[in-house]
Structure formats: structure tokens, C-alpha cells
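# Structural characterization, general
Each chain is listed here by its residues.
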Amino acid sequence: MSRVQDNYSLQDIVTRVNGDDFIPHGETRYDEDAYERMEAVENLMEWLIDGFRYVYEFRVRPEYSYQKAGKEAERFLMSLRDTIDNMIDVEPQESEDV
């Protein structure tokens, strides 16, 4: 673990660099900034998921360390898929602000 990670979690680092709120609040200027923060987080997530997809292929390699990493990537990606499937299956709720 790096010295930076000793003092801050990766979530803290992303929050400090990108801001902590990308949820729109109905105020145009704020929401434009929130949208830009959301796009930055989306790009980071795509990059991270691509890394997991790459490591996922290692699950069938004969080397123990490759298999271990590949199986963990498989577990994470399956969990992520299930979480997304469950979110998509749920009917959207109306905002109380509307």
C-alpha cells in the first residue's frame, strides 16, 4: 500500500480530486458542474471495469496467482451485474421535489 493510501482511502482521493456530489439538485449551474463530475466518475468506472474484464480472463490460467485474481474479478463482475440487474428491474420512484 502506498503512503497516500495509508492516509486516505481511494474514495477520499477521488472525492478530493473530483468533488463528492454528482447528483443534480435542480439548479442549473450546480447541475452542470454535477454532470461534469458524473462524467468524470463514469470514465473512471469504465476504466476500472475494463481492468476487471481483462483480469477476469486469468481465471482459467494454470498459475495460482492468475487464477486467484481472475476468480476475484469474476466474483466482482458477477456481483456488479446482479446489482445492476436488480436496480434496472425496480420501478423508478417519483421524486418528492416534483
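Residues numbered from 1 in each chain as written. Predicted model: local features only at pLDDT ≥ 70, side-chain atom pairs only at ≥ 80, totals over all residues. Heavy atoms only, no water.

### Some thoughts on the packing of helix H3 (residues 28-56) against helix H4 (residues 64-89)
Put simply, the test is: Orientation is described by lines fitted to C-alpha atoms, with helices fitted over the stretch in contact, and by angles between N-to-C directions that extend from 0 to 180 degrees. Strands here mean DSSP runs of E at least two residues long; helices mean DSSP runs of H or I at least four residues long; both are numbered from the N terminus. We call two directions roughly parallel when the angle between them is under 35 degrees, roughly antiparallel when it is over 145, roughly perpendicular when it lies between 65 and 115, and oblique otherwise. The hand of a helix crossing depends on one turn: near helix anticlockwise from the far one by less than a right angle means left-handed, and clockwise means right-handed. Contact criterion: two residues are considered in contact whenever any of their non-hydrogen atoms come within 4.5 Å of each other.
Here H3 crosses H4 at 130 degrees, and the two axes come no closer than 8 Å. With respect to each other, H3 and H4 are oriented oblique. In the crossing of H3 with H4, the sense of the turn from one axis to the other is left-handed. Along the contact surface, H3 presents Ile-49, Phe-52, Arg-53, Val-55 and Tyr-56, while H4 presents Ala-69, Gly-70, Ala-73, Glu-74, Phe-76, Leu-77 and Leu-80.

### Here we look at the environment of Gln-67
Note the threshold: Burial classes follow relative accessibility: with a 1.4 Å probe on protein chains only, a residue under 20% of its type's maximum area counts as buried, one over 50% as exposed, and anything between as partly exposed.
As for its placement among the helices and strands, Gln-67 is situated in helix H4. Here Gln-67 falls in the partly exposed class, since its relative accessible area comes to 25%. Residues Gln-67 and Glu-57, ten residues apart in the sequence, show an inter-C-alpha distance of 8.9 Å. When residues no more than four places from it in sequence are discounted, the contact partners of Gln-67 are Phe-58, Arg-59, Arg-61 and Pro-62.

### Focus: a negative patch on the surface
Operational definition: Exposure above 30% relative accessible area and the lack of any salt bridge qualify a residue for a patch; like charges then connect within 9 Å, and the nonpolar side chains Val, Leu, Ile, Met, Phe, Trp and Tyr within 5 Å. Method for areas: the Shrake-Rupley scheme with a 1.4 Å probe, in which residue coverage is limited to the protein chains shown. Just to be clear on terms, a salt bridge is a Lys or Arg side-chain nitrogen sitting within 4 Å of an Asp or Glu carboxyl oxygen. Under the counting rule used here, the positive set is Lys and Arg, the negative set is Asp and Glu, and His together with the chain ends is not counted. By convention, charge coordinates are those of NZ in Lys, CZ in Arg, CG in Asp, or CD in Glu.
A cluster of acidic side chains, namely Glu-27, Glu-32, Asp-33, Glu-36, Glu-39, Glu-42 and Glu-46, defines a negative patch on the protein surface. Along the polypeptide, Glu-32 turns up in helix H3. Given a relative accessible area of 48%, Glu-32 falls into the partly exposed group.

### Quick notes on the packing of aromatic side chains
As a reminder of what qualifies: A pair of aromatic rings is counted whenever rings of Phe, Tyr or Trp (Trp by its six-membered ring) have centres within 6.5 Å, and the orientation is called stacked for planes under 30 degrees apart, edge-to-face for over 60 and tilted otherwise. Lysine NZ or arginine CZ positioned within 6 Å of the ring centre and within 35 degrees of the ring normal marks a charge as sitting over the ring.
Evaluation of the coordinates by the stated rule reveals three aromatic pairs. Arranged with centres 4.4 Å apart and planes meeting at 35 degrees, the rings of Phe-52 and Phe-76 form a pair that is tilted. You can see Phe-52 sitting in helix H3 and its partner Phe-76 sitting in helix H4, a full 24 residues away along the chain. In textbook terms, an aromatic cluster arises when at least three aromatic residues are bridged by ring pairs, as seen for Tyr-54, Phe-58 and Tyr-66. It is Arg-61 that lies over the ring of Phe-58; its NZ or CZ is 5.9 Å from the centre. Sitting over the ring of Tyr-66, Arg-61 keeps its end group 4.1 Å from the ring centre.

### Observations concerning H3
Threshold: Expected helix span is taken as 1.5 Å per residue step, with the number of steps being one fewer than the number of residues.
Its 29 residues place the ends of H3 41 Å apart at the C-alpha level, agreeing with the 42 Å of an ideal helix rising 1.5 Å per residue. Residues of H3 that are buried include every one of Asp-31, Ala-34, Arg-37 and Val-41, and no others. The inward-facing, buried residues of H3 abut helix H2 (10-18).

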